[in-house]
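# What the coordinates show
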Amino acid sequence: MPSTVSTHPPRFATAEAVARIVAASRRTQQPQSRGDLVSLAMGEPDFDTPQQVTEAATASLRAGRTHYSPLLGEPDLREALAEKLHGIAGTPVSAADILITQGGTAGLAAAILGIVDPGDKVVIPDPTYSLYADLVSMAGGTVIPVPLAPDLHWDLDRLADALADAKLFVFCNPSNPTGIVHSRAELDALADLLDGTPTIVISDEAYADLDYTGRPFTSALSVDGLRDRTVYCQTFSKSYAMTGWRVGYLWGPTPLIQAAARIHNTFNGSVNTFIQDAALVAVRTCDADIARMRNAYEERGAIMRTELAKIPGLMLSRPEGAFYQFPRYDVDLPSVEVVAALRTHGVAVRPGSEFGARGEGHLRLSYAASPESITEGVRRLAYGLSVLQ
């Protein structure tokens, strides 16, 4: 019999988790940057990784450190991080409760997927880092966004209402995209709101070393009412300019870290051994490098704010940490369209709507760029907005 060949491609079914993410996600993938485009869009340090860290990775490779690492991470690195966290928390921290992850992203994924069941209520600020909502959607949870106060800090009354019966509260401090830093008073207030409840907290403190407030940074780990319910998520990407290395870590209550480890080991396996060796050198030797880069970001933030203040129709925020400005504009267009128009004028920024419904009408600009790029990028931004008026 003659064979028949179907002219119709098969219809493959994908997991419902994919559809949930697609339906809920606000994350935008910008087109490939052109050579003549000034990018103020990337949340990535423009500094190279400190030389001693790179040299440590090379030495580790030459020493044959190319085999599998323990699933929780290298013991020496975990011990060094436990010592570091002891200083932050003010109480002893066990290395047994530290999980080395494939960057902060995998740490957040492991933590959220290890906590959230379908239908669970998860509270997040609005606006905030968009990955949180995507991961909750993947897990089948229900995202409850809570609008910020006009000063971009938490609206504690709204937060109190939203946290009733919540399984989880996820936030970043300092904040992406707003650049604000939550104070000890705010964190104490959060602890009071959660007192006597089973609500878990994930504190993403990726930008903790980039605090320009002049007061000591308050980690959730240092707050008595939060420490025992908090999963601390950290990355080497921002403080150490190690974005491409993909290394981060979690610490928290033992059952939650064990659950996260099960998820991380299933998805990712252990982190590259030689990269963990380099991360150990970063922890031990890079305090001066962190201070140098932090000072540079603070100077660049001042340059960006000065230049943005010259643009009519922009309402500026006052960044307290990280390396972002989150101005509101007065053009009557969605932020995605504004960003697309600005690209035609040679500058890339991110739409505020990417970070939540309350981010609409804002743009996120990164000053993790050279002073020259900041000045020229804002000049192009000003021209692009004037054309849209």
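We now turn to the structure provided with this report. All values derive from a computational prediction rather than experimental measurement. (Residues numbered from 1 in each chain as written. Predicted model: local features only at pLDDT ≥ 70, side-chain atom pairs only at ≥ 80, totals over all residues. Heavy atoms only, no water.)

This part covers the nonpolar core. Within the largest apolar cluster, 34 residues are counted, with the highest numbers of intra-cluster contacts made by Leu-40, Tyr-297, Leu-363 and Leu-381. Elements represented by at least two residues in this core include exactly helix H11 (287-308), helix H12 (335-344), strand S12 (363-366) and helix H13 (371-388). If we skip the residues at most four places from it in the chain, Leu-363 touches Gln-325, Phe-326, Pro-327, Tyr-329, Val-338, Val-339, Leu-342, Val-349, Arg-350, Gly-352 and Leu-381. (Core = buried A, V, L, I, M, F, W, Y, C linked by side-chain atoms within 4.5 Å. Buried < 20%, exposed > 50% of the residue type's maximum accessible area, 1.4 Å probe, protein only. Helix = DSSP H or I, 4+ residues; strand = E, 2+ residues; numbered from the N terminus. Contact = heavy atoms within 4.5 Å.)

Before going further, it helps to examine the environment of Arg-62. Along the polypeptide, Arg-62 turns up in helix H2 (residues 51-62). Spatially, the C-alpha atoms of Arg-62 and Phe-274 are 9.6 Å apart, while their sequence positions differ by 212 residues.

Turning next to the sheet that holds strand S11 (residues 350-351). Reading across from one edge, S9-S12-S11 is the order of the three strands in this open sheet, with antiparallel pairing throughout. Of all strands in the sheet, those bounded by a partner on one side alone are strand S9 (324-325) and S11. Bridge analysis of S9 against S12 gives two bridges, and the strand direction is antiparallel. For Tyr-324, the partnering residue across the bridge sits in S12 and is Ser-366. (Pairing = 2+ DSSP bridges.)

On to the packing of helix H1 (residues 16-24) against helix H5 (residues 131-139). H5 packs onto H1 with a crossing angle of 145 degrees between their chain directions and a minimal axis gap of 8 Å. In this structure, the crossing between H1 and H5 has a hand that is right-handed. Facing Ala-17, Arg-20, Ile-21 and Ala-24 of H1, the residues of H5 in contact are Asp-134, Ser-137, Met-138 and Ala-139. When its residues are assigned to classes, the contact of H1 with H5 shows five nonpolar, one polar and two charged. (Axes fitted to C-alpha atoms, helices over the stretch in contact; angles between N-to-C directions. Left-handed = near helix turned anticlockwise from the far one by under 90°. Nonpolar A, V, L, I, M, F, W, Y, C, P; charged D, E, K, R; others polar.)

The subject of this paragraph is the sheet that holds strand S3 (residues 121-126). Read from one edge of the open sheet, seven strands run S2-S8-S7-S6-S5-S3-S4, paired in mixed fashion. What marks the edges here is a single partner per strand, and that holds for strand S2 (98-101) and strand S4 (142-147). Averaged over all pairs of adjacent strands, the angle between strand axes in this sheet comes to 20 degrees, irrespective of strand direction. In the sheet, S3 pairs with S4 via six bridges, with the strands oriented parallel. Looking at the pairing, Val-123 lines up with Ile-144 of S4. Most of the contacts of helix H4 (residues 103-113) go to strand S7 (residues 230-235), to which it runs at about 160 degrees, and overall it touches S2, strand S5 (168-172), strand S6 (200-204), S7 and strand S8 (248-251).

The tally for this structure, following the rule as stated, stands at 13 aromatic pairs. Within the aromatic cluster, the residues linked to one another by ring pairs are Phe-47, Tyr-207, Tyr-297, Phe-323 and Tyr-324. Directly above the ring of Phe-47 sits Arg-292, whose terminal nitrogen or CZ lies 5.8 Å from the centroid. (Phe/Tyr/Trp six-rings, centres within 6.5 Å; stacked < 30°, edge-to-face > 60°. Lys NZ or Arg CZ within 6 Å of the ring centre and 35° of its normal.)

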